[in-house]
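Residue strings, one per chain:
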Amino acid sequence: MKRTAALVAACTVATLTGCGARPGDDAVTLWMYPVIADQAQNRAYWQKVEAGFEAEHGLKVRIELQPWESRQEKLGAALMAGSGPDVVLLQPDMIPQYVEEKALLPVGDVLKAGDRQYRPSAITALTVGDQAYGLPLYQTVTTTVYNRKLFTEAGITELPDTWDEVRAAAPKLAAKGVPVLDYAGSTEETLNMTFYPLLWQAGGSVFNEEGTKSAFSSAQGVDALRFLVDLNAMGGLPRDAATKRARLVDDAVAAGKAAMSHSMVSTTARNVVRSAGAENTVVGAPLRHRAQVTFGQPGALSLLRTAKNPDAARKFLSYMTTPKVIEELCVHSGFFLPWTGAMPPVVDDVDKGFAQALEFARAGDTHPQARRVMGLLAPHLQAALLGERTPEQALADAAVEVDALLQQKR
Amino acid sequence: MSRLREPLTVLVFLLPVLVLFGAFRFLPMLGAAGLSVTDYQPGGDVEFAGAENYASLVGDDHFLASLRTTLTYAAIYVPLILVVALGTALLLHSVPWGRGFFRAALLAPYVTSLVLSGVIWKWLFEPAGLLRDPSTVLPALAVVGVWKGFGYAMLVLLAGIRNVPADCLEAAKVDGASVWQRFRHMILPSLRPAIFFVVVVETIGAFQVFDLIYVMTGGGPVRASYTLAYAVYQYGFTYVEIGKAAAAGLVLWAIVLLVSLTQRRAFERNP
């Protein structure tokens, strides 16, 4: 009995000490996401980066490949637990929130050290106050992509490039059982790739110029939401549009379940090419309404305030912005170089189409509460799509909540 | 010295569970209580916020709506799982052969991965659009919750049914008591402790429902499945408002405690 009791006590002590143990580690840690869609290529590229940086600087770097899904939640949890990375890939509309929460360090010194001319829109999008908090690695853009075969089968020879033409095409496609526009209205989707491009095309914006109030509950906002609601009523959106999630592997346009997307990334467009054929895949310009605009943003590396060794992390950031590293990343990812005048690394019809959309790109409405506002607005958009609210009511209800939040945070 | 030996030995044997409970339950709870009165920033800054986080919950319509949603879910889920578990336990008790097989088969959902079963149930509900309609999403989620969890409750109730003396049931049958009369006046009274346990455990589970929502609806559509536990998650990890999330978590804990104590009293008053 005594022996057993001693064993139990020893195991307990061992468990306790084990809980507190933490391996010493001075490597710079980067959280990276699958910007290169091919997993094997993605792993190989980042292993090469690790080896290259270590060989050049004699410092260790550990690149942790994370999934896109729930990235903000995972980063938030890690930061709270004090186990976050030193460097992380962020998008412009995430940066103001982290700056406000004092989680980031400025990186303007690293940005200025390079000899490349970054796209001014990218630098503006990554700047809060007068400090840059992100180093652009690549530039993305979304645009309109069509599955031409579905339009032809519905007797439509001219692909729609304005809202009115999309509206006109909807009933003909619906008669064939095909929604004209793919739309993913799940609250887990970023509105940057669903509702906001339509809001901008209608001439609206999410916030007022000062960022003190919402601006989406306007004639332009109602116009954008009514466009979706009208399409939905005509069978012009997928049946589950209000709650649908966007999927790369099961994309509706690629699968022939929707005729077009108003905001597709190049990786998904290549899926359409694979399944519908290059002859049936058309990468068009962003849809035209009051304005011709689409979503496109830089992917940027940010330095976290909790970095164990900020000097080593800055050296790594500097290494990551060297042309050879970035050019190879863009070749594998299919994204654009973050510098002005830079052409796409691979030129085919898909790349050409996306390159032409670059001039219409808008990096989202950056604001410290941008992501929170999406969380408040998205359920109201769902309510309108489900017919529970009119577009006017839905946006007005959302505006009340958003304005209260912005007032509270001032 | 010998008088001390026995309690000390007991304490040593209890030590692992006490340590684990302390480290993974009690200390985090104390930590949450501390966090709930702070403004904790991801950058490491901590400021004392007093009751500000609790006050912001009171003024937060979404939090109050999440409370109503959670109560609605519990009101559907708890009676449903009790009926299903009791029904299957009675059936299982009365099958003359293959009881072990059926017991294992009925327990299978309980040990199945929730992510996997959530995805399958999403496919099953898709044609009817049950997860897309705010009025049907909670009943649909409750059905999945019951399917997933009834096996455990069934085992508890089955153990209770087996405690009813078979000769008494046999004697009642000989005396002309119907199936319903035997169930109502003999089995059900002796099942009270087991039913109490199931009701308490499942009520706690209903108030803490998160994984199903996370996998199947993300709190939608139109926040129709936005429960308290999901609100805690969203405050904490999506909006990085750790103080408010901790406050919401403590409110959830207080509600669960209150409901459990009330249920206990109700069962004690009507033994």
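Criteria and thresholds
Residues numbered from 1 in each chain as written. Chains lettered and ligands numbered in written order. Predicted model: local features only at pLDDT ≥ 70, side-chain atom pairs only at ≥ 80, totals over all residues. Helix = DSSP H or I, 4+ residues; strand = E, 2+ residues; numbered from the N terminus. Buried ≥ 20, exposed ≤ 12 C-beta atoms within 10 Å, placed from the backbone. Contact = placed C-beta atoms within 7 Å. Rg over C-alpha atoms; globule rule 2.2 N^0.38 Å. Core = buried A, V, L, I, M, F, W, Y, C linked by C-beta atoms within 7 Å. Arc of directions from axis to C-beta. Domains from an automatic or database assignment. Nonpolar A, V, L, I, M, F, W, Y, C, P; charged D, E, K, R; others polar. Expected span 1.5 Å × (residues − 1). Bend = angle between axes of the 7 residues up to and from the residue. UniProt positions renumbered as here; feature names shortened; annotations may be inferred. Pairing = 2+ DSSP bridges. pLDDT = per-residue confidence, 0-100. Axes fitted to C-alpha atoms, helices over the stretch in contact; angles between N-to-C directions.

Participant: So, the overall build of chain B: which residues are in play, and what are the values?
Facilitator: When helices and strands are tallied, chain B shows 12 helices and 2 strands. Moving toward the C terminus, one meets the helices and strands of chain B in the order α-β-β-α-α-α-α-α-α-α-α-α-α-α. Taking the principal axes of the C-alpha coordinates as reference, chain B spans close to 75 × 70 × 35 Å. The buried share of chain B, taken over its 271 residues, is 31%. Here the contacts in chain B between residues at least 6 apart in sequence split such that 72% fall between residues at least 24 apart.

Participant: Would you mind going over the overall build of chain A in detail, with residue names and values included?
Facilitator: A tally of regular secondary structure across chain A gives 16 helices and 13 strands. The C-alpha atoms of chain A give 24 Å as radius of gyration, which agrees with the globular expectation for 410 residues (22 Å, within 12%). In chain A, which comprises 410 residues, the proportion classed as buried is 49%. Within chain A, contacts between residues separated by at least 24 positions form 76% of all contacts whose residues are at least 6 apart in sequence.

Participant: So what's going on with the nonpolar core? Which residues, and what values?
Facilitator: Among the nonpolar cores identified, the biggest contains 181 residues, and Val87, Leu317 and Leu377 of chain A together with Leu141, Leu157 and Ala248 of chain B are the most heavily contacted of them. With 13 residues, the single largest contributor to this core is helix α6 (residues 137-162) of chain B. Those residues in contact with Leu377 of chain A that lie beyond four places of it in its chain are Leu191, Phe216, Ala398 and Val402 of chain A.

Participant: Explain helix α14 (residues 349-357) of chain A residue by residue, including any values.
Facilitator: All names here are of chain A. Among the residues of α14, Val350, Gly353, Phe354 and Ala357 are the ones counted as buried. One face of α14 carries all of its buried residues, which in axial projection span an arc of 90 degrees. In this structure, the buried side of α14 is in contact with β8 (143-147), α11 (266-276), β10 (281-283), β11 (294-295) and β13 (361-362).

Participant: Any chance you could break down the domain arrangement of chain A for me, citing the residues and the numbers?
Facilitator: Residue and element names in this part refer to chain A. By domain assignment, chain A separates into domain 1 (28-141 + 297-355) and domain 2 (143-295 + 369-409). With centres defined by C-alpha atoms, the gap from domain 1 to domain 2 works out at 28 Å. Each side of the interface is counted separately: domain 1 has 14 residues, and domain 2 has 15 residues. Of all the secondary-structure elements, those providing two or more residues to the side of domain 1 that touches domain 2 are α4 (95-100) and α14. Among the elements that take part in the side of domain 1 that touches domain 2, α14 stands out by supplying 4 residues, more than any other. Grouping the constituent residues of the side of domain 1 that touches domain 2 by class yields 6 nonpolar, 6 polar and 2 charged.

Participant: Please give an account of α6 of chain B that cites residues and values.
Facilitator: Helix length check: α6 of chain B, at 26 residues, gives a terminal C-alpha distance of 37 Å against a target of 38 Å (1.5 Å per residue), a fit within 8%. When the local axis directions of α6 of chain B are compared, the greatest deviation, roughly 50 degrees, occurs at Gly149 of chain B.

Participant: Lay out the UniProt feature "transmembrane region" (unreviewed entry) in chain B with the relevant residues and their values.
Facilitator: All names here are of chain B. The sites that carry the UniProt feature "transmembrane region" (unreviewed entry) are, in the present numbering, residues 7-27, 71-92, 104-125, 137-159, 194-216 and 236-261. Overall, residues 7-27 shows 100% helix and 0% strand. The separation of its end C-alpha atoms is 25 Å. As annotated, residues 194-216 comprises 87% helix and 0% strand, and the C-alpha atoms at either end are separated by 31 Å.

Participant: How would you sum up the domain arrangement of chain B? Please name residues and give values.
Facilitator: It is common to give the size of an interface as the accessible area that goes away when the parts come together. All names here are of chain B. When the domains of chain B are assigned, the result is domain 1 (2-52) and domain 2 (59-269). Look at where the C-alpha atoms of domain 1 and domain 2 centre, and you get two points 29 Å apart. Counting from both sides, the interface comprises 9 residues of domain 1 and, opposite them, 7 residues of domain 2. Put simply, the parts of the chain that give the side of domain 1 that touches domain 2 at least two residues each are α1 (2-35) and β1 (38-40). Of the residues belonging to the side of domain 1 that touches domain 2, the class tally is 6 nonpolar, 2 polar and 1 charged.

Participant: Requested: an account of the interface of chain A and chain B, with residues and values cited.
Facilitator: Facing the 33 residues of chain A at the interface are 25 residues of chain B. Those elements that place two or more of their residues in the side of chain A that touches chain B are α1 (2-20), α3 (71-80) and α15 (370-385) of chain A. When residues of the side of chain A that touches chain B are assigned to their parent elements, the largest contribution, 8 residues, is made by α1 of chain A.

Participant: Describe the UniProt feature "domain: ABC transmembrane type-1" (unreviewed entry) in chain B, listing the residues and the values that go with them.
Facilitator: Under the local residue numbering, the UniProt record ascribes the feature "domain: ABC transmembrane type-1" (unreviewed entry) to residues 67-263 of chain B. The straight-line gap between the two end C-alpha atoms of residues 67-263 of chain B is 19 Å; of that span, 77% is helix and 0% is strand.

Participant: Talk me through the pairing of strand β3 (residues 87-90) of chain A; I want residue IDs and the actual numbers.
Facilitator: Residues and elements named next belong to chain A. On β3, burial covers both faces: Val87 and Leu89 on one face and Val88 and Leu90 on the other are all buried. Relative to β3, strand β1 (residues 28-32) runs parallel, the two being bridged by 2 bridges. By the bridge assignment, Leu30 is partnered in β3 with Val87. With 4 bridges joining them, β3 and strand β12 (residues 298-304) adopt antiparallel strand pairing. Within the sheet, the bridge partner assigned to Val88 lies in β12 and is Ser302.

Participant: Got a sec to walk through the environment of His62 of chain B? Specific residues and values, please.
Facilitator: Among the secondary structure elements, His62 of chain B is positioned in helix α3 (residues 61-94). For His62 of chain B, the residues in contact, after removing those within four places along its chain, are Arg223, Tyr226 and Ala231 of chain B.

Participant: Please provide a residue-by-residue account of the environment of Leu135 of chain A, values included.
Facilitator: All names here are of chain A. Along the chain, the position of Leu135 falls in strand β7 (residues 135-139). Residues Leu135 and Ala300, spaced 165 residues apart in sequence, show a C-alpha to C-alpha distance of 4.9 Å. If we skip the residues at most four places from it in the chain, Leu135 touches Val107, Val110, Leu111, Ala300, Leu301, Leu317, Met320 and Thr321.

Participant: Pulling in residues and values, what's your account of the confidence of the model for chain A?
Facilitator: Scored by pLDDT, chain A has a mean of 88; 91% of the residues are at 70 or more. Segment residues 16-24 of chain A is flagged for pLDDT under 50; beyond a separation of four residues in sequence, or across chains, it makes 2 contacts in the model.

Participant: Break down the sheet that holds β8 of chain A for me, with residues and values.
Facilitator: Residues and elements named next belong to chain A. Spatial strand order, β9-β8-β10: 3 strands in an open sheet with antiparallel pairing. Both outer strands of the open sheet, β9 (260-264) and β10, are each paired with one neighbouring strand and no more. Pairwise comparison of adjacent strand axes, ignoring direction, gives a mean angle of 20 degrees for this sheet. For β8 and β10, the ladder comprises 3 bridges, and the chain directions are antiparallel. Looking across to β10, one finds that Tyr146 is bridged to Val282. Lying over the sheet, α11 contacts β8, β9 and β10, oriented at roughly 155 degrees with respect to β10. Packing of α14 onto the sheet brings it into contact with β8 and β10, and relative to β10 it is tilted by some 25 degrees.

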